[in-house]
Amino acid sequence: MTEKKPYYITTPIYYPSDNLHLGHTYTTIIADTLKKYKEIQGYDVFFTTGTDEHGQKLFQKSEEAGKTPLDYIDPIVASAKELWKKLEINYDAFVRSTDPQHEKNVQDIFQKLYDKGEIYKSVYKGHYCTPCESYWTDAQLVEGKCPDCGREVHYHEEESYFFKLSAYRDRLLKLYEDHPEFIQPESRKNEMINNFLKDGLEDLSVSRTGFDWGVPVPFDEKHVIYVWIDALSCYLTGIGYGRVEKEFNRYWPANVHLVGKEIVRFHTIIWPALLMALDLPLPERVFGHGWILFDADKMSKSKGNVVYPEPIIDLYGIDALKYFVLREFTFGQDGNFVTEKFIQRMNSDLCNDLGNLVSRTIAMIEKYNAGIIPAADKKEDVDNELIQTATEALTIVEDYMESLNFSQALEEIWKVIRRTNKYIDETTPWILAKEKDEERLDTVMYNLADSLRIISTLLKPFLSHTVERISIQMNFNDLFWEDAGDFGKTAPGTKVHKTENLFPRLDVKKEVERLQAENKKLIEKRKKEKMAENNKDEIIEETKEEFITIDDFDKVKLQVGLIEKAERHPDADKLLVFQVKVGEETRQIVSGIKKWYEPEELVGKKVIVCMNLKPVKLRGVESNGMLLAADKGEKLTMLSVLEDIEDGAEVS
Ligand code: MSP
């Protein structure tokens, strides 16, 4: 037996700052599908994923939650693993960047680079964006703000170790030239050259001193290794770098690093340069995919537009979710997640095209041939057309898969499905039955069964559950990939048996509402869980609607207030501290609206104040009352009065 060839795939390691959403799931589904595909083709595939657990942002998040970083991160990592289990993602290594083994390997890598003179100590100066954990030069800022996220930056100088990235510019350009397949899609390569390499590269700061949630620099414990050397090394440590040399040598270099477009730069500039510095061979290619957007915006919890995969899986199954993300979004480009489209595709592609083909075929073989697949003896031209479409699909699908074009690969399979459905309409088996043309009817039944075999074989890497369900009904035993290129491999005499419809027909409007409601419920549930856990001072929204009486309403004392002063909270990014005049008295009120308003904008505004809310301390500052605001998910707006009215006026 010949030894299987190794194939190594990676996804990024995800930040466990929050539960993973559909965007993260996308990369992982792609990696898993590619793994299945390569395995079917006879490769020995290794797939690494994991979580990127160090850095200031995660440290801050854990602090806000009043927890140690690991206490904060552990449940999120557990929920990520749960999600991959639910989706039956078959990874081989899950690297947590806080694994002691990984940390040790990262220190060894850093030491090695230092010993080789690739890393030196200097001073870093620049504008720092804490949420992005990035330094920016004056020229890079956009209107004085972070060019990535648009948030405030602050000027900062600190001692730092630097990697001599600038020395690698020419080698990188040569790499791109000699290996045009290294960065894909092609457009991303041009972006890298034009935006980062054309005018020269700067050395890269690779350590920090301002916080200690990271891997310590082995020879200078004041510094922690800054995220990218730590995170990127997971691709090496996942396959045993510095630990299991045999395994490492077997799988390295990676065949494909799958990454989102915003981190292509790290994977195609910093990563190959680091590998060159370490004298390690370079990965074959880095594929930068687009984002799944929601209402044309990037999904994010803070924008309130997160789509979680769990409700989709619970309601419609793994295959429906996989089919949608692989089919709907052109790999490499951004695409919108539209719930209607998801349900519509289930109806048109899965239920109508595939589901109907399977159920019609089996029902006819049961009706006309007592459930036994007959032999085919009476061929006609129309058969050749079907046979050609079915047998030619294999190489076309393989070509598309080679360029990671999952959407077109599926479209190609659907061409066969649609062609086979058309074949039923063209051959009209019910008329053949009526006319008692049994020989021809047998041929048609056989051709349908064998086309289904080819379709099922091609679908195996994508929709394994569906293929299994078809195989049970059609009694397909082994579906060999190479056989998808041949017609006639189904053994006549095979007994078929109709048991179930593959996909139900869905009422689009009803299902859209149901899915959106389930997603919302999950968002609320997670929000509540987090708040309960953190025992935080934020207001928990009730999702359940309950009526209150007028007496209940009267208990809430609302009055018009005039904002006299507004300042940033000294210890919390999201909070503003207001002095609000309400008639005779002035109240101090802390409100979580910093994201939507600058403090100055609100001074002099009339607002509505809930006066009898129990006083609380929010991050150490006392708050007496609450300012009312309307929440539209992405935007909060303060409530005010239409006409000018004295502060202190009662609201009823
Ligand atoms: N931790 C780094 C990666 C280090 S890899 C050595 C990171 N983590 S992340 O959690 O922010 O993002 C991980 C991946 O998820 C990225 O490739 C990113 O593009 C992807 N996605 C996050 N949201 C996404 C969408 N809405 N759509 C598609 N993918 C997106 O970056």
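What you are looking at is a predicted structure, and each value in this text was computed from that prediction instead of being measured.

Scoring rules and cut-offs
- For every chain, the first residue of the written sequence is number 1, and numbering continues from 1 onward in sequence order.
- Since the coordinates come from a predicted model, pLDDT governs what is reported: local features require at least 70, and pairs of side-chain atoms require 80 or more to be given and counted, while whole-chain, interface and lining totals use all residues.
- To get the side-chain values, take all heavy atoms of the structure and skip hydrogens and water.
- In this description a helix means any DSSP run of H or I spanning at least four residues, a strand means any run of E spanning at least two, and both kinds are numbered starting from the N terminus.
- Relative accessibility under 20% of the residue-type maximum defines a buried residue, over 50% an exposed one, and the middle range a partly exposed one, all with a 1.4 Å probe and only protein chains included.
- Only heavy atoms matter for contacts: two residues are in contact if any of them lie within 4.5 Å across the pair.
- DSSP-based pairing: two strands are paired if at least 2 bridges between them are found.
- pLDDT is defined as a per-residue confidence score from the predictor, taking values between 0 and 100.
- Whether a residue is near a molecule or strand depends on its heavy atoms: it is near if one of them lies within 4 Å of it.
- Polar contacts, as counted here, are pairs of nitrogen or oxygen atoms within 3.5 Å of one another; within protein the pair requires one atom able to donate a hydrogen and one able to accept it, and residues that are adjacent in sequence qualify only if both atoms are side-chain atoms.
- Using the Shrake-Rupley algorithm and a 1.4 Å probe, accessible areas are obtained, with residue cover drawn only from the displayed protein chains.

Before going further, it helps to examine the overall build of the chain. The helix and strand inventory of the chain stands at 21 helices and 26 strands. Dimensions of the chain, computed from C-alpha atoms along their principal axes, come out at roughly 95 × 75 × 40 Å. Residue burial in the chain is summarised as follows: out of 652 residues, 51% are buried. Taking the contacts inside the chain whose residues are at least 6 apart along the sequence as the reference set, 75% of them involve residues at least 24 apart.

Turning our attention to the sheet that holds strand β16 (residues 335-336). Read from one edge of the open sheet, three strands run β15-β14-β16, paired in mixed fashion. Each edge of the sheet is formed by a strand with only one pairing partner; in this case those strands are β15 (297-298) and β16. With two bridges joining them, strand β14 (residues 292-294) and β15 adopt antiparallel strand pairing. Looking at β15, one finds that L293 is bridged to K298.

The next thing to look at is the confidence of the model for the chain. For the chain, per-residue confidence averages 91 on the pLDDT scale, and 97% of positions sit at 70 or higher. Confidence over residues 537-545 falls short of pLDDT 50; this stretch has 14 contacts with residues more than four positions distant or in other chains.

To continue, consider the site of the ligand. Inspection of the region around the ligand gives 23 residues, with I13, D52, G260, E262 and I292 positioned closest. One of the side-chain nitrogen or oxygen atoms of D52 is found 2.7 Å away from a nitrogen atom of the ligand. Within the backbone of I292, a nitrogen or oxygen atom sits 2.8 Å from a nitrogen atom of the ligand. Relative to its free-state accessible area of 660 Å², the ligand is covered by the protein chains to the extent of 95%.

In this section: the environment of G583. Among the secondary structure elements, G583 is positioned in the loop between β18 (576-582) and β19 (585-591). Taking relative accessible area as the criterion, G583 reaches 21% and is therefore assigned partly exposed. Counting along the chain gives 22 residues from G583 to G561, while the straight-line C-alpha distance between them is 7.5 Å. When neighbours within four sequence positions are excluded, G583 is seen to be in contact with D647 and G648.

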